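Listed below, chain by chain, are the residues.
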Amino acid sequence: MSATGIGAAVRRKEDFRFITGKGQYVDDVVRPGETRAVFVRSPHARAKIKSIDVSAARKMPGVIDVLTGADLANDKIGGLICGWMIHSKDGTPMKMAPHPALAATTVNHVGDAVAVVIAATVAQGKDAAEKVKVDYEVLAAVVDPAKAKSGPQIHEIAAKNTIYEWSLGDSKATDTAFANAKHVTKLDIVNNRLAPNAMEPRAALAEYDSGTDQLTLWNTTQNPHVARLVISAFVGIAPEHKLRVIAPDVGGGFGSKIFIYPEEVVCLWASRKVRRPVKWTSDRSEAFVTDAHGRDHVTHAELALDANGKILALRAHTIANLGAYMSTFSSSVPTYLYATLLSGQYDIPQIYCEVDAVYTNTVPVDAYRGAGRPEATFVVERLVEVAARELGLDPAELRKRNFVKSFPHQTPVIMAYDAGDYGASLKKAMELADVKGFSKRKREAARHGKLRGLGYSTYIEACGIAPSQAVGSLGAGVGLWESAEVRVNPTGSVEVLTGTHAHGQGHETTFAQLVSERLGIPFDSVSIVHGDTDKVQFGMGTYGSRSGAVGMSAIVKALDKVEAKAKKVAGFMMEAAEGDIEFKDGKFTVKGTDKSVGWGDVALNAYIAHKFTGAELEPGLKETSFYDPTNFTFPAGCHIAEVEIDIETGKTEIVNWTAVDDFGTVINPMIVEGQVHGGIAQGVGQAMLEGVVYDKEGQLVTGSMMDYTMPRAHDLPSFKVETTETRAPSNPLGIKGCGEAGAIAAPAAVINAITDAIGTEQIAMPATANAVWAALSRATPRAAA
Amino acid sequence: MYNFTFHRPTTVRQAAGLLSRNPEGKILAGGQSLLPVMKQRLASPSALVDLALVEGMTGVELKGRSVVIGAMTRHADVANSTVLQEAMPGLAAVPGAVGDPQVRNRGTIGGSIANNDPNADYPAACLGLGATIITNKRRIAADDFFTGMFSTALEDGEIITKVSFPIAKKCAYEKFKHPASGFALVGVFVSKRGPDIRVAVTGAGSNGVFRVKTFEEALKKRFAAKSIEGLTIPATGMNEDIHASAEYRAHLVGVLARRALAKANA
């Protein structure tokens, strides 16, 4: 391993600019003549728009234009779409309601935009926005997903507010397994709704060039090419070749910046109308009512076991709240990213899952770090833990008895696990967490009036999303390959253009490590280029922990091609047959001789082309690859949380956290550890702190950081993070992906630990001090007894 | 934020004059509560009268058997005052528990008291020590000062200049932080100064800071946690929101009072 190659904990290249304030985010981009967009948003969860009067707003100082949904419709601008088709059990397609970028007839959630003011400054825009008179007829809102089917119908297309009633698995065989079971564990679970809260709020800057009829959009997006495709093909703003999307530095996404939102569409449309650049930067209050939320499942789940604690079957019924409109990938999250993972790390013969997706008058819900897999893991890992407690078995032992131990393993819910060693990560985690010493620590805590609990989460996820043919057969509107272009410059330095996008992941470092190792050139001679549709060939972006497994594999394939061509060039330079050239550590050698040429010489010769004719070889050294994986990857591992609870206040402190993850090949252990830390923080946030709350009228109660509790450093312990390794067989580097693991594993570990401590399973997320205290008041604590 | 005129007087007199000429104006005394609501356009003062340059409004001084704190003294400066840490560490802990480092380095004692946020920390200390709030017009006892949620005995244009805290031999503050905002979900300040025993609670009451007379009465026998063991306060009149039920807040009052007493006696 070289100091900067694969496996080295290289410091992140990008951090210098980020920590010295040199990052270039959308809001930092300033275009000549720039104007600002300020949106007029609905204060009601559901209302008819009777009329909109913009005349007073138009007269306000600094106002360039005021546009409404009617203007948008007049200009025949299309609505936003959901790009993944799900069919109901009865074969009918999902009920996708129209989602105009500016509402013209009805508003469906607080924050739904009805008009936009284009003004010289934000302050002037806000002043004018207050003068837009909207006459609403307020209608009863649907807020609770569990009651959505009986509520007033939100969209004409969706009777009973139902988007689809979908199922996966064999219902009859599962019921039979349950009928023959010795023991059945049942749980009612609410997977709480979360607000993503990336540090950089969303922003869009659109500029129209009337000379070329070209539109440029600087946008906080995780996938600029997909944004361009949707905005072009479905919204119809401009043909693809007349629209350039740039995602410069982006400050966090966690999924919320995958989607195509109304604001960027409106900025593009408005910039062409007013013939000036139009910028919008969300403020935090706006973010709470417009960024797609995550999770929000209501589930009843059951686990069937035999007398020996062997799992026979699992069944679940989930109501998934998709909010007021179907966001870009919303339909896939509670279906193919959720039910397909309900086998967990276990050999479960039968699984059946039904999912009803519903509309409510709330912000749209879509993928958020983990997307479906945290929900699945929570169901499986809570069921297993509770089953062990009910059967009087050690929860680790019950897990071991049921682990998948031979690979490949076909689950009853589509996924075919290709590699893993679940026993190894559990064993290592138990050692690191000193599970043996737990009972002593528990007694010690009890002496101080504290309850201690230990909780496991042996999770699995499907990442590296994903084989295009597979996702196509499941309804995806796009293929999920990735592309790379490796450009070798005449001086030997290298630019890699990737279709993935980094918004905190450190691709500029890890991708350069791969190239440095492979070509034997200095790490600093490699630049990674991403986030611009005019530069990068095409790409599917970054989400689902796919950039390493899929994005880097594309780079490997392009590097293969570069090496093959470079060998040809070296052959001409050394007058040797191409087949006799060996390439190692940046040097091309003629087999069995001491004749060699260096990387830089070969790069130069590829461009000056003095040693070969055009008929023999094309000049230049630049290769492209589009890589499509053969399977999902299956990162898995074991997280163990240990908590201590203050009996008097219910305040829970996480005192130990152990994470042992199998991410396959690790490129940069420091970055991987950072990803695990961040993921755990978000998972702990979901388990103990975060939760979006709406009141009965559909008003957002948690509309600011004063009420929405984000995890802070003092909420978290120092983590013990280790890895085990089984290579992923489906990609050349053996990478599985690490971005979401923490958020997937953590909630179940926390709740299993808290319920272990308090002796009752009746606690919902977030398990706040008040909730734990109330649960303790209801139950007789085992430890305190 | 709406436009406003910005004034920076250098004397209390000038400040009072500016306030009387700007009836829709507001005092800026750190701005940690005012500026966020202005940014959200929920407040629109025509003028801000910034007291930052007014002389003689900062500092912590020992005066006889009292500690006198200038109204514009920032939380961090009060918390770190060696004078106060020696004279009454139980009071120094109060500003030390406020918000986060940013808030503690901008927010002031006068601003906090004048705002009388029902979840703020200082009102508990003022009421819990029987402080005197000194304005440009008069002296007001803490018992008369806090008149309800976000409401005080201050008249229009009246400016807090100092707060005088009698030194209590035994006092302590125990706070259960609101998980999101960092304000007090419940905060309890206890003190004993001769026969004067006080238990003041912030965060819990739906009408702002209040004293728990039943606890005070029980503590007259002995100023110790044991004296109020088993005593509770009713949940009626407690705040209830998504973060804590009224029952939980009432329960925390008892728990935190006992912990504060243990701390005060430590």
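Residues numbered from 1 in each chain as written. Chains lettered and ligands numbered in written order. Predicted model: local features only at pLDDT ≥ 70, side-chain atom pairs only at ≥ 80, totals over all residues. Heavy atoms only, no water.

Asks: Would you mind showing me how to read the domain arrangement of chain A here?
Replies: Often, the extent of an interface is quoted as the loss of accessible area upon association of its parts. Residue and element names in this part refer to chain A. Split by domain assignment, chain A resolves into domain 1 (31-139 + 199-252 + 257-290), domain 2 (297-465 + 631-778) and domain 3 (482-627). Look at where the C-alpha atoms of domain 1 and domain 2 centre, and you get two points 36 Å apart. Taken together, the 29 residues of domain 1 in the interface contact 30 residues of domain 2. Between domain 1 and domain 2, roughly 2,500 Å² of surface is buried when both sides are summed, and carbon and sulfur atoms account for 66% of that area. Summed over the three residues of domain 1 that lose the most area to domain 2, namely Trp 84, Phe 259 and Phe 288, the buried surface amounts to 27% of that side. Where domain 1 meets domain 2, there are one salt bridge. Taking the shortest distance from any N to any O, the salt bridge between Glu 354 and Lys 89 comes out at 3.1 Å. (Domains from an automatic or database assignment. Contact = heavy atoms within 4.5 Å. Buried area = accessible area lost by both parts, 1.4 Å probe. Salt bridge = Lys/Arg side-chain N within 4 Å of Asp/Glu carboxyl O.)

Asks: It is not clear to me how the packing of aromatic side chains should be interpreted in this structure. Could you clarify?
Replies: Describing an aromatic ring pair means giving the distance of the ring centres and the angle of the ring planes. Under the counting rule described, the total for this entry stands at 22 aromatic pairs over all chains. Geometrically, the ring pair formed by Tyr417(A) and Phe634(A) is tilted, given 5.1 Å between the ring centres and 55° between the ring planes. One end of the pair, Tyr417(A), is in strand S17 (residues 416-417); the other, Phe634(A), is in the loop between strand S25 (622-627) and strand S26 (636-646), with 217 residues separating them in the sequence. In terms of burial, Tyr417(A) and Phe634(A) fall into one category: buried. Here the aromatic cluster, defined as three or more aromatic residues joined through ring pairs, consists of Tyr346(A), Phe403(A), Phe407(A) and Tyr422(A). Seen from the ring of Phe523(A), Lys13(A) lies directly overhead, with NZ or CZ sitting 4.6 Å from the centre. Directly above the aromatic system of Tyr2(B) lies the positively charged group of Arg41(B), at a separation of 4.3 Å from the ring centroid. (Phe/Tyr/Trp six-rings, centres within 6.5 Å; stacked < 30°, edge-to-face > 60°. Helix = DSSP H or I, 4+ residues; strand = E, 2+ residues; numbered from the N terminus. Buried < 20%, exposed > 50% of the residue type's maximum accessible area, 1.4 Å probe, protein only. Lys NZ or Arg CZ within 6 Å of the ring centre and 35° of its normal.)

Asks: How do you make sense of the interface of chain B and chain A when you look at a structure like this?
Replies: With 20 residues of chain B at the interface, the matching set in chain A holds 21 residues. Surface buried jointly by chain B and chain A totals about 1,700 Å² across both partners, of which 51% is contributed by carbon and sulfur atoms. Sorting the residues of chain B by area buried against chain A places Arg41(B), Ile242(B) and Tyr248(B) first, and these three jointly supply 30% of that buried surface. The tally of links between chain B and chain A comes to five salt bridges. Put simply, Glu648(A) and Arg258(B) hold a salt bridge, and the shortest N to O gap is 3.4 Å. On inspection of chain B and its partner chain A, the count reaches 14 residue pairs in polar contact (both at pLDDT 80 or more). When residues of the side of chain B that touches chain A are assigned to their parent elements, the largest contribution, seven residues, is made by helix H11 (residues 246-265) of chain B. Among the residues forming the side of chain B that touches chain A, the class breakdown is 10 nonpolar, six polar and four charged. (Polar contact = N/O pair within 3.5 Å; in protein donor to acceptor, adjacent residues only side chain to side chain. Nonpolar A, V, L, I, M, F, W, Y, C, P; charged D, E, K, R; others polar.)

Asks: I would appreciate a short explanation of the domain arrangement of chain B in the present structure.
Replies: Considered domain by domain, chain B is made up of domain 1 (1-53) and domain 2 (170-265). Each of domain 1 of chain B and domain 2 of chain B has a C-alpha centre, and these two points are 34 Å apart.

Asks: So what exactly am I meant to see when it comes to the pairing of strand S2 (residues 47-53) of chain A here?
Replies: The side chains of a regular strand alternate between both faces of the sheet. Pairing geometry for S2(A) and strand S4 (residues 106-107) of chain A, over two bridges, is antiparallel. For Ala47(A), the partnering residue across the bridge sits in S4(A) and is Val107(A). (Pairing = 2+ DSSP bridges.)

Asks: I keep staring at the sheet that holds strand S23 (residues 587-590) of chain A and nothing clicks. Help me out?
Replies: Strands in a sheet are paired, the pairing made by backbone hydrogen bonds, and the direction either parallel or antiparallel. Residues and elements named next belong to chain A. The three strands are arranged S22-S23-S24 in an open sheet whose pairing can be described as antiparallel. In the strand order of this sheet, the two ends are held by strand S22 (581-584) and strand S24 (596-598), each with one partner. Going from strand to strand, the sheet's axes swing by 20° on average, the running direction of each strand aside. In this sheet, S23 lies alongside S22 in antiparallel orientation, the contact comprising four bridges. What sits directly across from Glu 582, in S23, is Thr 589. (Axes fitted to C-alpha atoms, helices over the stretch in contact; angles between N-to-C directions.)

Asks: Explain the pairing of strand S9 (residues 203-209) of chain A here, please?
Replies: Counting buried positions along S9(A) yields six of seven residues, so the element is predominantly enclosed. Hairpin connection of S9(A) to strand S10 (residues 214-219) of chain A: four residues between the antiparallel strands, including Asp213(A) at a positive phi of 60°.

Asks: What exactly am I supposed to notice about unusual backbone geometry here?
Replies: Most of the time, phi is negative for any residue but glycine, and the peptide bond is trans. Residues and elements named next belong to chain A. For the peptide bond that leads from Phe 407 to Pro 408, omega is -5°, which places it in the cis range. Tracing the sequence through the fold places Pro 408 in the loop between helix H10 (395-402) and strand S16 (409-410). Looking along the chain, the bond that leaves Ile 465 and enters Ala 466 is cis, with omega of -10°. The residue Ala 466 is located in the loop between strand S18 (450-460) and helix H13 (468-473) in this model. For Asn 197, which is not glycine, the phi dihedral falls at a positive 55°. Examined against the element boundaries, Asn 197 turns out to sit in the loop between strand S8 (183-191) and S9. Owing to a relative accessible area of 10%, Asn 197 belongs among the buried residues under this scheme.

Asks: Just to check I follow, could you spell out the sheet that holds strand S19 (residues 482-488) of chain A for this structure?
Replies: All names here are of chain A. Here four strands make up an open sheet; going across it, the order is S21-S20-S19-S25 and the pairing mixed. With partners counted over all chains shown, the strands left at the sheet margins are strand S21 (526-529) and S25, one partner each. With strand direction ignored, the average angle separating the axes of adjacent strands in the sheet is 15°. The sheet contact formed by S19 and strand S20 (residues 494-498) spans five bridges and is antiparallel. Bridging across to S20, Ala 484 finds its partner in Thr 498. Seen against the sheet, helix H14 (residues 507-519) touches S20 and S21 and runs at an angle of roughly 135° to S21.

Asks: I'm lost on the nonpolar core in this one. Help?
Replies: In globular proteins that are soluble, nonpolar side chains generally tend to be buried together. Residues and elements named next belong to chain A. If you look at the biggest cluster of nonpolar residues, it comprises 165 residues, and the most contacted ones within it are Ile 237, Leu 342 and Trp 657. Examining the composition of this core, we find that 12 residues originate from one element, helix H18 (residues 741-758), more than from any other. When near neighbours in sequence (up to four residues on either side) are disregarded, Trp 657 contacts His 639, Ile 640, Ala 641, Ile 680, Val 684, Pro 717, Ser 718, Phe 719, Lys 720, Ala 746, Ala 749 and Val 750. Ala 8, Val 597, Ala 603 and Ala 606 belong to the second-largest nonpolar core, a separate cluster that totals 46 residues. (Core = buried A, V, L, I, M, F, W, Y, C linked by side-chain atoms within 4.5 Å.)

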